[in-house]
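Next come the chains, spelled out residue by residue.
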Amino acid sequence: MSFMIRLSKRAWNNVIIFAMLIMILMFNMTNNILTGSVDSETEIALLPEGAVLMTLEFGPEKIERIGKGWRSTQLQLSELELEQIVQYWQNARMIVSNPFDTQNALIAVAWLAGEDKGRVYQFVESAEGLNLFVDGQYFKLVNLSLEQLILPGVL
């Protein structure tokens, strides 16, 4: 009892085309699951997981990695104080936010190992908390304040 559908070559091509269109539609509908896209309440790390921070710039002030330690170019801060700021950057979490005005933003640039361009972060404090604009997206930091992320005296 074998059952076989007899279709012409042209009809089989149409079946394949429609099957592919249905698959594409399914992939597009389940895009968030497949790509791991984030919704507005999912926390994201400020720095990529596993990234090695080399330098943090706050205008003329900066923190640089020297071996396993840190140094400040102009401020006289202890290595422990600098390490604390770097730890805050590595532990900072953020969520997607609504757009906000970045005109009076405090700008910081993070240079990561293996990247030829620095990542530009624009921080804006508001009544709702600390907002952040980076890589063309708006975020809100959920676990830190601006004072924890920048060098003393930069504000």
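Structure: see above.
Note on numbering: residues in each chain are counted from 1, in written sequence order. With pLDDT at 70 or above as the cut-off, local features in this predicted model cover only qualifying residues; side-chain atom pairs require 80 or more to be listed or tallied, and sums for whole chains, interfaces and linings still use all residues. Side-chain figures throughout are based on the complete set of non-hydrogen atoms in the structure, without hydrogens or water.

Caption draft 1: Spatial organisation of the sheet that holds strand β8 (residues 129-134). The sheet built from 9 strands is open, its strands ordered β1-β5-β9-β8-β7-β6-β2-β3-β4 with antiparallel pairing. Only two strands of the sheet have a single partner each, and these edge strands are β1 (44-45) and β4 (69-72). In terms of strand pairing, strand β2 (residues 53-58) meets strand β3 (residues 61-66) through 4 bridges, oriented antiparallel. Note that in β3 the partner of E57 across the bridge is K62. Residue contacts are counted whenever heavy atoms from the two residues lie within 4.5 Å of one another. For helices, the axis comes from a line fit to the C-alpha atoms of the stretch in contact; other axes are also lines fit to C-alpha atoms, and the angle between any two N-to-C directions lies between 0 and 180 degrees. For the purposes of this entry, the term helix denotes a DSSP run of H or I that reaches at least four residues, the term strand denotes a run of E that reaches at least two, and both are numbered from the N terminus. Set on the sheet, helix α3 (residues 79-91) makes contact with β2, β3, β4, β5 (93-96), β6 (106-112) and β7 (119-126); between it and β4 the angle comes to about 105 degrees. We treat two strands as partners when DSSP finds at least two bridges between them.

Caption draft 2: Representation of unusual backbone geometry. Not every positive phi belongs to a glycine, and D135 is a case in point at roughly 50 degrees. On the secondary structure map, D135 appears in the loop between β8 and β9 (137-141). Residue classification places D135 among the exposed residues on the basis of a relative accessible area of 60%. Each residue is assigned to one of three classes by its accessible area relative to the maximum for its type, calculated with a 1.4 Å probe on protein chains only: buried under 20%, partly exposed between the two thresholds, exposed over 50%.

Caption draft 3: Quick peek at the pattern of salt bridges. By salt bridge we mean one thing: a side-chain nitrogen of Lys or Arg within 4 Å of a carboxyl oxygen of Asp or Glu. A complete count under the given rule lists 6 salt bridges for this structure. Residues R93 and E49 are paired through a salt bridge, measuring 3.3 Å at the closest nitrogen-oxygen approach. Of this pair, R93 sits in strand β5 while E49 sits in the loop between β1 and β2, and the two are 44 residues apart along the sequence. Judged by its relative accessible area of 67%, E49 is exposed. Ionic pairing is found between K62 and E64, a salt bridge with its closest N-O pair at 3.6 Å.

Caption draft 4: Broad picture of the pairing of β5. The sheet contact formed by β1 and β5 spans 2 bridges and is antiparallel. Following the sheet pairing, A45 is matched in β5 by R93.

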